[in-house]
Amino acid sequence: MPSDAQGAASAVELLLPAALAEAAGGSRSLMFRPGSPGHSAGTAGGAGAAGAGATGAGAGGVGAGGDRAPTIGVLLELLRDRHPGVYRRIVDDAGDIRRHVNLYVDGDDIRDLAGPSTVLGPGAVVLVLQSIAGG
């Protein structure tokens with residue numbers, strides 16, 4: 001079991017708001033394993049998480065492109081490839097994180113860190129929050 005515990009600790013979790021869950025096959029939580037090409041911890045979360053996304057669409061490692069460190073940018077590239085609907089809601093046509101979308105790594109806004117170059121450590125949790133208009 002030590003390898004399973006180590007794998008779980010090295011996984012990066014992407015938490016989505018309910019508004020993005022549909023674009024992720026109904027899941028509000030996507031898990032990726034840094035440096036494991038073609039392998040992920042699967043998906044978990046909202047209704048439908050046990051469907052095809054659990055082993056198929058969510059599969060892929062953060063940092064799957066060779067020696068690249070797992071960063072927000074690498075995670076976004078994986079989203080573009082595996083969950084294009086989620087990606088389009090987070091990133092604009094110019095490739096920038098949308099103005100009214102905030103990404104937090106372990107509670108810290110990436111805009112206060114290194115932006116898309118923010119390194120994702122083992123067990124990192126990336127939270128996506130969309131601004132809500134109104135008052």
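Residues numbered from 1 in each chain as written. Predicted model: local features only at pLDDT ≥ 70, side-chain atom pairs only at ≥ 80, totals over all residues. Heavy atoms only, no water.

J.: Lay out the overall build of the protein in plain terms, naming residues and giving numbers.
T.: Across its full length, the protein carries 4 helices and 6 strands. Reading the protein from its N terminus to its C terminus gives the helix and strand order α-β-α-β-β-α-α-β-β-β. Residues classed as buried in the protein amount to 40% of the 135 residues present. Taking the contacts inside the protein whose residues are at least 6 apart along the sequence as the reference set, 46% of them involve residues at least 24 apart. Accessible area of the protein: about 7000 Å², with a carbon and sulfur share of 53%. (Helix = DSSP H or I, 4+ residues; strand = E, 2+ residues; numbered from the N terminus. Buried < 20%, exposed > 50% of the residue type's maximum accessible area, 1.4 Å probe, protein only. Contact = heavy atoms within 4.5 Å. Areas by Shrake-Rupley, 256 points an atom, 1.4 Å probe, with all protein chains shown as cover.)

J.: Tell me about the side chain of Thr118, residues and numbers included.
T.: Here Thr118 is to be found in the loop between strand E5 (108–109) and strand E6 (125–130). Under the relative-accessibility criterion, Thr118 is labelled buried at 5%. The contact partners of Thr118, leaving out residues within four places of it in the chain, are Pro70, Thr71, Ile72, Val105, Ile110 and Leu113.

J.: Account for the confidence of the model for the protein, naming residues and giving values.
T.: Interpretation of this model should avoid reading the predicted coordinates in detail wherever pLDDT is low. Summarising the model, the protein shows a mean pLDDT of 76, and 65% of its residues fall at 70 or more. Mean pLDDT across the secondary structure elements of the protein bottoms out at strand E3 (residues 42–44), with 40, and peaks at E5, with 98. Counting contacts from residues 38–67, a segment whose pLDDT is below 50, to residues more than four positions away or on other chains yields 72 contacts. (pLDDT = per-residue confidence, 0-100.)

J.: Break down the pairing of strand E1 (residues 12–15) for me, with residues and values.
T.: Side chains Val12 and Leu14 of E1 all project onto a buried face; the interleaved residues Glu13 and Leu15 project onto a face where none is buried. In this sheet, strand E2 (residues 29–32) lies alongside E1 in antiparallel orientation, the contact comprising 4 bridges. Directly across from Glu13, in E2, lies its bridge partner Met31. The pairing of E1 with E6 spans 3 bridges and is classified as parallel. (Pairing = 2+ DSSP bridges.)

J.: Could you give an account of unusual backbone geometry, with specific residues and numbers?
T.: With a phi angle near 50°, Asp106 is a residue other than glycine that sits in the positive phi range. Note that Asp106 resides in the loop between strand E4 (101–105) and E5.

J.: Talk me through the environment of Pro122; I want residue IDs and the actual numbers.
T.: Residue placement: Pro122 occurs in the loop between E5 and E6. For Pro122 and Ala11, which are 111 residues apart along the polypeptide, the C-alpha to C-alpha distance reads 6.2 Å.

J.: Explain helix H3 (residues 72–82) to me, and be specific about the residues and the numbers.
T.: Where H3 is concerned, the buried positions are Ile72, Gly73, Val74, Leu75, Leu76, Leu78 and Leu79. Buried residues along H3 sit in contact with E1, E2, helix H4 (84–90), E4 and E6.

J.: Outline the environment of Leu129, supporting the account with residue identities and numerical values.
T.: By secondary structure assignment, the location of Leu129 is in strand E6. Given a relative accessible area of 37%, Leu129 falls into the partly exposed group. Sequence separation of Leu129 and Val101 is 28 residues, and the distance between their C-alpha atoms is 5.8 Å.

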